[in-house]
Amino acid sequence: AQSVTQLDSQVPVFEEAPVELRCNYSSSVSVYLFWYVQYPNQGLQLLLKYLSGSTLVESINGFEAEFNKSQTSFHLRKPSVHISDTAEYFCAVSETGGYQKVTFGTGTKLQVIP
Amino acid sequence: EAEVAQSPRYKITEKSQAVAFWCDPISGHATLYWYRQILGQGPELLVQFQDESVVDDSQLPKDRFSAERLKGVDSTLKIQPAELGDSAMYLCASSFSGTANTEAFFGQGTRLTVV
């Protein structure tokens, strides 16, 4: 069975400061990793994903995440946050092969302070 | 831009009543998912369809929940009878093929409150 741990339930950060949202996963097989973002009263949107190849993946709005197999981590980072980044972020894992069965973490609320 | 449509957006129902949610996936998407998201938690998969067939309903409380996708397009999730613990956001998602590396697109969800 696979699982995802997001230790930080809330992360307050000042505007233009850097941020890191932590994600650790557990699985006995190879995995794909995802970060989703959820704005208030909205569904989830895929932010970025790691499938294979380069361990550093980037989104179009400046976020990046690095897959670290030895530490079983997939932390999300942004060098300078904006007010519009205020949202809840979910890390998710899916075993490779077969039908997708995604397991989500409990989420981290990012609050950007003006 | 194509999107997953869900209705209603909000639903308040009394305990022991029946309630139903509707989802229309992106056109051409073979895979449809229903997730439940309890406040403060991540989404949990309830049921996954590939076309009209259920491929995973291991977490669906089958004594009170049912889901169908009769023509392999839109889908309905029903709860009967509703319990207080069913209060949550119900999210529908769809993907082109449902394989592990395929992106799933989510609807805006239905927020259910059971009183």
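Presented here is an overview of the structure given in this document. Bear in mind the structure is a predicted one, so any value in this text is a computation, not a measurement.

## Some remarks on the interface of chain A and chain B
For step 1, the next point in the chain: Each partner contributes residues to the interface: chain A has 24 residues there, and chain B has 27 residues.
For step 2, the next point in the chain: When the buried area of chain A at its contact with chain B is split by residue, A:Asn41, A:Tyr99 and A:Gln100 rank highest and sum to 32% of it.
For step 3, the next point in the chain: The interface formed by chain A and chain B holds two residue pairs in polar contact (both at pLDDT 80 or more) in total.
For step 4, the next point in the chain: If one sorts the elements of the side of chain A that touches chain B by residue count, strand 5 (residues 31–38) of chain A sits on top with four residues.

## With respect to the nonpolar core
For step 1, the next point in the chain: Counting 27 residues, the largest nonpolar core has A:Leu33, A:Trp35, A:Leu48, A:Phe74, A:Leu76 and A:Tyr89 as its most contacted members.
For step 2, the next point in the chain: Those elements that provide at least two residues to this core are strand 2 (10–14), strand 3 (19–21), strand 5, strand 6 (44–50), strand 8 (64–68), strand 9 (73–78), strand 10 (87–95) and strand 12 (108–113) of chain A.
For step 3, the next point in the chain: Counting residues in hydrophobic clusters, the runner-up holds 20 residues, among them B:Val4, B:Ile26, B:Phe49 and B:Leu60.

## So, the packing of aromatic side chains
The description of two aromatic rings rests on the distance between their centres and on the angle between their planes.
All names here are of chain A.
For step 1, the next point in the chain: Tallied over the entire structure, the rule returns 11 aromatic pairs over all chains.
For step 2, the next point in the chain: Measuring from centroid to centroid gives 4.5 Å for Tyr50 and Phe67, while their planes differ by 25 degrees, and the two rings are stacked. Of the two residues, Tyr50 is situated in strand 6 and Phe67 in strand 8; the sequence distance between them amounts to 17 residues. The exposure classification of Tyr50 matches that of Phe67, with both residues buried.
For step 3, the next point in the chain: Pairing Phe63 with Tyr89 gives two aromatic rings, centres 5.4 Å apart and planes at 45 degrees, and the pair type is tilted. A residue pair is termed long-range when its members are at least 10 positions apart, and Phe63 in the loop between strand 7 (56–58) and strand 8 and Tyr89 in strand 10 qualify at 26 residues.

What counts as what
Residues numbered from 1 in each chain as written. Chains lettered and ligands numbered in written order. Predicted model: local features only at pLDDT ≥ 70, side-chain atom pairs only at ≥ 80, totals over all residues. Heavy atoms only, no water. Contact = heavy atoms within 4.5 Å. Buried area = accessible area lost by both parts, 1.4 Å probe. Polar contact = N/O pair within 3.5 Å; in protein donor to acceptor, adjacent residues only side chain to side chain. Helix = DSSP H or I, 4+ residues; strand = E, 2+ residues; numbered from the N terminus. Core = buried A, V, L, I, M, F, W, Y, C linked by side-chain atoms within 4.5 Å. Buried < 20%, exposed > 50% of the residue type's maximum accessible area, 1.4 Å probe, protein only. Phe/Tyr/Trp six-rings, centres within 6.5 Å; stacked < 30°, edge-to-face > 60°.

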